[in-house]
Amino acid sequence: MENLKVKPLLGVTKPISLITPTDFDVRRSLELEKVLVDAKLFEVEEEERKKEMIIEKLREIVKRWVKQVTRWRGYTDKMVEKANALILTFGSFRLGVPGPGSDIDTLCIGPSYVNREEDFFISLHNILIGIKEVSELLPIPHAHVPVMKFKFEGVSIDLLYASVSHLTVPDDLDIYDESILYEADEPTVRSLSGCKVADQILQLVPNVENFRTTLRCLKFWAKRRGIYSNVTGFLGGVNLALLVARVCQLYPNANPSMLVSRFFRVYTQWHWPNPVMLCPTEDKEIGFPVWDPRRNPLDRNHLMPIITPAYPNTNSSYNVSSSTLEAMMKQFHTANKICNGIELNEYRWGALFEPFLFFRAYQNYLQVEITAADADDLRAWKGWVESRLRQLTLKVERCTSGKLLCVPCPSGHVDKSRQSFRKTYFMGLRKKPGVEVKEVIDIRVATQEFKEETVNKFSFWTPGMEINVSHVLKKQLPSYVFSDEYRTTSQSSKSTNQQHQNKRKKNSEMVDVKNRVQENKRGRSESDGLAKEEDSSLFQNALLKEGRCWLWDVIQNSG
């Protein structure tokens, strides 16, 4: 401990533990990293270069576009020459954790006289249509954060737009300069926030490489367990990054294997809706609303607040519902048990990433089937319906007074045996744990409202875009939803269980392993206080302190 390098303390509370990895932890981290490599979660150098080249091409495109708009607006030749636009990245690319086939989240920053409605979604859209490398172009102007989605040379791009209060946008624009937000609309503020949040996360973690490895691991886990989708009310990339970053702050000297196990230990015991925060929120004179349930009554309705660290601080997980929170907590608890088993050498890391078999988990499902006249219409219709599935969950919860949970499957399914433009989504239905239901539950009102609102509120609806919602039993599910994993998982589980039994028979080896694990735990318990969950008073006190200033103030102020 005398040679322990002191690191600056980060976060809204003190760390839970400053313990460093043991030899056992180092070995487990190497094993974990091998699993991530074998799963092909890292980009090859060729793909990295291709994405960098695409970003450069986008920069040239938007610069020419802004000069064109400047000329159309009647500005002088000198102004046209100075006209400029920037392309910045955010999300996984800016955080340094892109994966093979992942999209690039990009932000275009333009001058004050280039607007979003006419210039970005019309003139730039028309320019992109004429570029041969661009395909599957889909504008979504009415989203919470307006975006244009497309593929550039086969790589998926999400392009946002921010118009800042400058006549000329310099190449070295400081996105943290508050003056660029004057007279900005909320979509611009939200768009700029993505870049700032990514930068802040990297500045607020004690070890960036450990953070990145842990984040890659947990994104892989969330996808395998069917809870990776911000749009349907689960966790997205930013949500997971913030949760991982907070655990990094609580255990600043831990390596990735330790951080993964502590991630689940922390969040299985987290007292939601206490917020997860990397730093205190700031309320500035500019006047944009900041997440604060003491002042904003709507913020008190958030179930799993994960607060962004850049101004204006917002809840990145406002989409979470009772149904998706309960589903996520189940997965957290399952993963926590597996991580405890890994520490006792009873499981290998592969057990953590076993796929969640959604179509075996429920007895009842809602089937949402959509059709369109052609591929382009289906792409637009699909994007809109996916953004509305969360509303179906909320309507089912509301019309059953919270007695019925409606959990979406994050991905849609296609029946390849049918030659038509259609896609199907499924929602698992089950009674809320601990709730007694005697009466027959009727959700027809909820499904009918969902269908009518989905059609009526879609500005780009065209004939042929249809939606149908029906109730199906598990035994009635179509065969195309069952992937190969449903056939192989049970076999691999049996094989894994047999391996565990064989290990336990090797008593001499197990005695040695257990002794090392117990010695490791005894040494750690002096400074960590976490050898057993039921005795972790330090851990529980830290979590209580984390949320005390928020939750209890809200309760008191709301009477």
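### What to know about the pairing of strand β2 (residues 104-110)
Of all seven residues that make up β2, seven are buried, and the element is covered over most of its length. Neither face of β2 is open: one carries Ile104, Thr106, Cys108 and Gly110, the other Asp105, Leu107 and Ile109, and all of them are buried. Pairing of strand β1 (residues 86-90) with β2 involves five bridges; the strand directions are antiparallel. Paired with Phe90 across the strands is Asp105, a residue of β2.

### Brief notes about the packing of helix α2 (residues 45-72) against helix α5 (residues 116-129)
Where α2 meets α5, the axes come as close as 11 Å, and the angle between the chain directions of the two elements is 120°. When the axis of α2 is compared with that of α5, the two are oblique. Like other packed secondary-structure pairs, α2 and α5 cross with a definite hand, here right-handed. Side by side, α2 and α5 meet where Ile61, Val62, Trp65, Gln68, Val69 and Trp72 of the first sit next to Asp119, Phe120, Ser123, Leu124, Ile127 and Leu128 of the second. Of the residues contributing to the contact of α2 with α5, the split by class is nine nonpolar, two polar and one charged.

### Observations concerning the packing of aromatic side chains
Inspection of the entire model under this criterion finds 25 aromatic pairs. Ring centres of Trp65 and Phe120 lie 6.4 Å apart, and the angle between their planes is 65°; on these two criteria the pair is classed as edge-to-face. With Trp65 in helix α2 and Phe120 in helix α5, the pair connects residues that are 55 residues apart, well separated along the chain. Residues Trp65 and Phe120 agree in their burial class; the two are buried. Taking the centre distance of 6.1 Å and the plane angle of 65° together, the rings of Phe458 and Phe460 count as edge-to-face. With a relative accessible area of 9%, Phe458 lands in the buried category. Among the residues examined, Phe460 registers a relative accessible area of 43% and is labelled partly exposed. Each residue in the set Trp221, Phe263, Phe264, Tyr267, Trp270, Trp272 and Phe332 is aromatic and connected to the rest through ring pairs, giving one cluster. Directly above the aromatic system of Tyr228 lies the positively charged group of Lys223, at a separation of 5.0 Å from the ring centroid.

### Points about the sheet that holds β1
In spatial order, the strands read β1-β2-β5-β4-β3; together these five strands make up an open sheet with mixed pairing. The sheet is open, and its two borders are formed by β1 and β3 (134-140), each paired with just one other strand. Across the sheet, the mean angle from the axis of one strand to that of its neighbour is 25°, orientation sign disregarded. Where strand β4 (residues 147-152) meets strand β5 (residues 155-163), five bridges bridge the pair, whose relative direction is antiparallel.

### As for the confidence of the model for the chain
For the chain, the average pLDDT comes to 87, and 85% of its residues sit at 70 or higher. In the model, residues 1-7 has pLDDT below 50 throughout and makes five contacts with residues more than four positions away in sequence or in other chains. Within the model, the stretch residues 548-559 combines pLDDT values under 50 with 17 contacts to residues more than four positions away or in other chains.

### Here we look at the sheet that holds strand β6 (residues 364-371)
Spatially, four strands are ordered β7-β8-β6-β9 in an open sheet, and the strand pairing comes out antiparallel. The open sheet has two edge strands, β7 (404-408) and β9 (466-473), and neither has a second partner. Direction aside, neighbouring strands of the sheet carry axes that sit 25° apart on average. With respect to the sheet, helix α10 (residues 322-343) is in contact with β7 and β8 (422-431), its orientation differing from that of β7 by roughly 75°.

### Some words on the nonpolar core
The biggest cluster of nonpolar side chains holds 73 residues, and the ones touching the most others in it are Phe211, Trp221, Phe263, Phe264, Tyr267 and Leu352. At the level of secondary structure, the elements contributing two or more residues to this core comprise α1 (23-38), α6 (186-203), α7 (208-224), α8 (237-250), α9 (256-268), α10 and α11 (358-361). Phe264 has contacts with Leu218, Trp221, Phe332, Ala335, Asn336, Cys339 and Leu352, leaving out every residue within four places of it along the chain. Counting 31 residues, the second largest nonpolar core, distinct from the first, contains Ile54, Val66, Ile87 and Leu124.

### Side note on unusual backbone geometry
Cis peptide bonds are those with omega within 30 degrees of zero, and the linkage from Trp272 to Pro273 qualifies with 15°. Counting through the fold element by element, Pro273 comes out in the loop between α9 and α10. Note that the residue after Tyr311, namely Pro312, is joined by a cis bond; omega there is -10°. Within the element layout of this structure, Pro312 appears in the loop between α9 and α10. Phi angles above zero are rare outside glycine, and Glu136 is one such case at about 55°. The phi torsion at Glu183 lies on the positive side, around 65°, for a residue other than glycine.

### Re α2
Its 28 residues give α2 an end-to-end C-alpha distance of 41 Å, which sits within 8% of 40 Å, the value for a rise of 1.5 Å per residue. For α2, the complete set of buried residues consists of Lys51, Ile54, Ile55, Leu58, Ile61, Val62, Trp65, Val66, Val69 and Thr70. At the C-terminal side of α2, Gly74 shows a positive phi close to 85°.

### Considering the environment of Gly236
Along the polypeptide, Gly236 turns up in the loop between α7 and α8. On the accessibility criterion, Gly236 (7% relative accessible area) is buried. Separated by 80 residues in the primary sequence, Gly236 and Ser316 have C-alpha atoms spaced 9.0 Å apart. Gly236 has contacts with Tyr228 and Asn230, leaving out every residue within four places of it along the chain.

### Topic: the environment of Phe150
Note that Phe150 resides in strand β4. According to the relative accessible area criterion, Phe150 is buried, its value standing at 3%. Phe150 sits 16 residues away from Val134 along the chain, and the two C-alpha atoms are 6.7 Å apart. Beyond its immediate stretch of four places on either side in the chain, Phe150 contacts Leu58, Leu128, Val134, Ser135, Glu136, Leu137, Val155, Ser156, Ile157 and Leu159.

Cut-offs used in this document
Residues numbered from 1 in each chain as written. Predicted model: local features only at pLDDT ≥ 70, side-chain atom pairs only at ≥ 80, totals over all residues. Heavy atoms only, no water. Buried < 20%, exposed > 50% of the residue type's maximum accessible area, 1.4 Å probe, protein only. Helix = DSSP H or I, 4+ residues; strand = E, 2+ residues; numbered from the N terminus. Pairing = 2+ DSSP bridges. Axes fitted to C-alpha atoms, helices over the stretch in contact; angles between N-to-C directions. Parallel < 35°, antiparallel > 145°, perpendicular 65-115°, else oblique. Left-handed = near helix turned anticlockwise from the far one by under 90°. Contact = heavy atoms within 4.5 Å. Nonpolar A, V, L, I, M, F, W, Y, C, P; charged D, E, K, R; others polar. Phe/Tyr/Trp six-rings, centres within 6.5 Å; stacked < 30°, edge-to-face > 60°. Lys NZ or Arg CZ within 6 Å of the ring centre and 35° of its normal. pLDDT = per-residue confidence, 0-100. Core = buried A, V, L, I, M, F, W, Y, C linked by side-chain atoms within 4.5 Å. Expected span 1.5 Å × (residues − 1).

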